[in-house]
Amino acid sequence: MNLNELEEIANDEHKQVPSNLEHDIDTLINTLAFTENLKSGKESHKAGNQLKWLSAAATVVLMIGLGWLLLSKQSEPKDTFNDPQEAYAYFSSTMNRIASKVNDGMDKADAALSTLKAVLPNKTE
């Protein structure tokens, strides 16, 4: 319908306005308002869920950060020897044990290499 047709209908005095038109319009407005309230309630519910997930994620990140901070915190080394000569003697014995283990490993590696050369003489050069 165009504007002229609407004007003709409005100017026609033979047309009667239905008696319940005002009630129907009020019902329609109330229904639309109720629907809008439901939609806005769903949107606020979605926003609430997003806020809950965001706060949970922030809590997890915070806990991981605090755990990392506490685990990575370096404690000051404590002196275990009062006498420097005793500390040096302990250090020397520890280094001697390490050197002994390394030398044993090297001897075993040399023996394995010799065995390998004996079994595959042309392949190991």
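The model shown is predicted, which means the values in this text are computed figures rather than measured ones.

Colleague: Where do I start with the overall build of the protein in this structure?
Modeller: Check the secondary structure of the protein and you find 3 helices and 0 strands. Listing each helix as α and each strand as β along the protein from the N terminus yields α-α-α. Within the protein, the proportion of its 125 residues that are buried is 0%. With the model as given, the accessible surface of the protein reaches about 12200 Å², and the carbon-plus-sulfur share is 61%.

Colleague: Is there a simple way to explain a nonpolar patch on the surface in this structure?
Modeller: Nonpolar side chains collect at one region of the surface, where Tyr-88, Phe-91, Met-95, Ile-98, Val-102 and Met-106 lie side by side and expose about 630 Å² of accessible area between them. On the secondary structure map, Met-95 appears in helix H3 (residues 84-119).

Colleague: Which parts of the structure should I look at to understand the confidence of the model for the protein?
Modeller: Do not read the fine detail of predicted coordinates wherever pLDDT is low. Summing up the model confidence of the protein, the mean pLDDT is 79 and the portion of residues at 70 or higher is 80%. The secondary-structure element of the protein with the lowest mean pLDDT is helix H1 (residues 3-11), recorded at 74, while H3 shows the highest, at 91.

Conventions adopted
Residues numbered from 1 in each chain as written. Predicted model: local features only at pLDDT ≥ 70, side-chain atom pairs only at ≥ 80, totals over all residues. Heavy atoms only, no water. Helix = DSSP H or I, 4+ residues; strand = E, 2+ residues; numbered from the N terminus. Buried < 20%, exposed > 50% of the residue type's maximum accessible area, 1.4 Å probe, protein only. Areas by Shrake-Rupley, 256 points an atom, 1.4 Å probe, with all protein chains shown as cover. Patch = residues over 30% accessible without salt bridge, like charges linked within 9 Å, V, L, I, M, F, W, Y side chains within 5 Å. Salt bridge = Lys/Arg side-chain N within 4 Å of Asp/Glu carboxyl O. pLDDT = per-residue confidence, 0-100.

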